[in-house]
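# Structural overview
Next come the chains, spelled out residue by residue.
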Amino acid sequence: GQSLEQPSEVTAVEGAIVQINCTYQTSGFYGLSWYQQHDGGAPTFLSYNALDGLEETGRFSSFLSRSDSYGYLLLQELQMKDSASYFCGKAAGNKLTFGGGTRVLVKP
Amino acid sequence: DTAVSQTPKYLVTQMGNDKSIKCEQNLGHDTMYWYKQDSKKFLKIMFSYNNKELIINETVPNRFSPKSPDKAHLNLHINSLELGDSAVYFCASSQRDPAIYNEQFFGPGTRLTVL
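Keep in mind the model is a prediction, meaning the values are calculated, not measured.

## Here we look at the interface of chain B and chain A
The interface of chain B with chain A comprises 20 residues on the first partner and 20 residues on the second. Where chain B meets chain A, there are two salt bridges. Between Lys41(B) and Asp39(A) there is a salt bridge, with the nearest N and O atoms lying 3.5 Å from each other. The leading source of residues in the side of chain B that touches chain A is strand β4 (residues 31-37) of chain B, at three residues.

Below is the structure:
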């Protein structure tokens, strides 16, 4: 199957750290992507992991463990503008299959 | 400069009508996609084209017909619209190389409402 599991919602305060976990089924797995989508907006690419380990891009980092079929997106020093939905996407078979999205709400 | 553009942004129509959504990308990408995002925010791929050739068709009803006149354009025509077709439709594009095709660039979306 192609399903990915991620939490539906996370709430945190400004300055905090949030980790969004994503588990996936391994069939045809090539890599794991993360996208951000603000309400009313389009998904925008954040990061991609094809190999095990941590990829850091500014305040956001993404991690992959292929042996555990698991990855996460780490949001550090949360800001109000980080309030959005975050989608993990499994790259396999020339396409991306997305999880249901995690809505992150940042409070002052 | 707009990278991936879609028209129209909003589309309100009656059940049974036929409508089209247009998409253009100026990124020089080889591959273009259509996604459907429903009211629960599930984002699901519908079609993928590479250099005008259909490569992915995800069990979409045949009322939906994509057309790619050239690799910069991918249009979506929908016949006999149904209530369940109400959603936001996103066009996207990427390079063909599997190492980087995962980075997709999305258009602003077309919000389709079927009454």
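Now that the structure has been shown, the text picks up again.
## Brief notes about the pairing of strand β10 (residues 95-98) of chain A
Residue alternation in β10(A) divides its side chains into two sets, Lys95(A) and Thr97(A) and Leu96(A) and Phe98(A), and both sets are buried. Linking strand β9 (residues 84-92) of chain A to β10(A), which pair antiparallel, is a turn of two residues; within it Gly93(A) sits at a positive phi near 60°.

## Digging into the state of the cysteines
Should the sulfur atoms of two cysteines be covalently bonded, the bond is a disulfide. Residues and elements named next belong to chain A. Summed over all chains, the structure comprises two disulfides over all chains. The disulfide partner of Cys22 is Cys88, and the S-S distance across this bridge is 2.1 Å. Negative torsions about the S-S bond denote left-handed disulfides, and the value of about 75° found for Cys22 with Cys88 makes this one right-handed. One end of the pair, Cys22, is in strand β3 (residues 18-24); the other, Cys88, is in strand β9, and 66 residues separate them in sequence. Given a relative accessible area of 0%, Cys22 falls into the buried group. Relative accessible area serves as the criterion here: at 0%, Cys88 is assigned to the buried category.

## Brief notes about the sheet that holds strand β7 (residues 64-70) of chain B
All names here are of chain B. The antiparallel open sheet is built from four strands, whose spatial order is β1-β3-β8-β7. Bordering the open sheet on either side are β1 (4-7) and β7, each of which pairs with just one other strand. Adjacent strand axes in the sheet meet at a mean angle of 20° when their direction is disregarded. The sheet contact formed by strand β3 (residues 19-25) and strand β8 (residues 73-78) spans four bridges and is antiparallel. Counted as the bridge partner of Glu24 is His73 from β8.

## Let's talk about the sheet that holds strand β6 (residues 53-57) of chain A
All names here are of chain A. Taken in spatial order, the five strands of this open sheet run β1-β3-β8-β7-β6, and their pairing is antiparallel. The open sheet terminates on both sides in strands that have one partner only, identified here as β1 (4-5) and β6. Where β1 meets β3, two bridges bridge the pair, whose relative direction is antiparallel. Within the sheet, the bridge partner assigned to Glu5 lies in β3 and is Thr23.

Scoring rules and cut-offs
- Residues numbered from 1 in each chain as written.
- Chains lettered and ligands numbered in written order.
- Predicted model: local features only at pLDDT ≥ 70, side-chain atom pairs only at ≥ 80, totals over all residues.
- Heavy atoms only, no water.
- Contact = heavy atoms within 4.5 Å.
- Salt bridge = Lys/Arg side-chain N within 4 Å of Asp/Glu carboxyl O.
- Helix = DSSP H or I, 4+ residues; strand = E, 2+ residues; numbered from the N terminus.
- Buried < 20%, exposed > 50% of the residue type's maximum accessible area, 1.4 Å probe, protein only.
- Pairing = 2+ DSSP bridges.
- Disulfide = S-S within 2.5 Å.
- Axes fitted to C-alpha atoms, helices over the stretch in contact; angles between N-to-C directions.

All quantities given are derived from atomic positions and should not be read as evidence of function.
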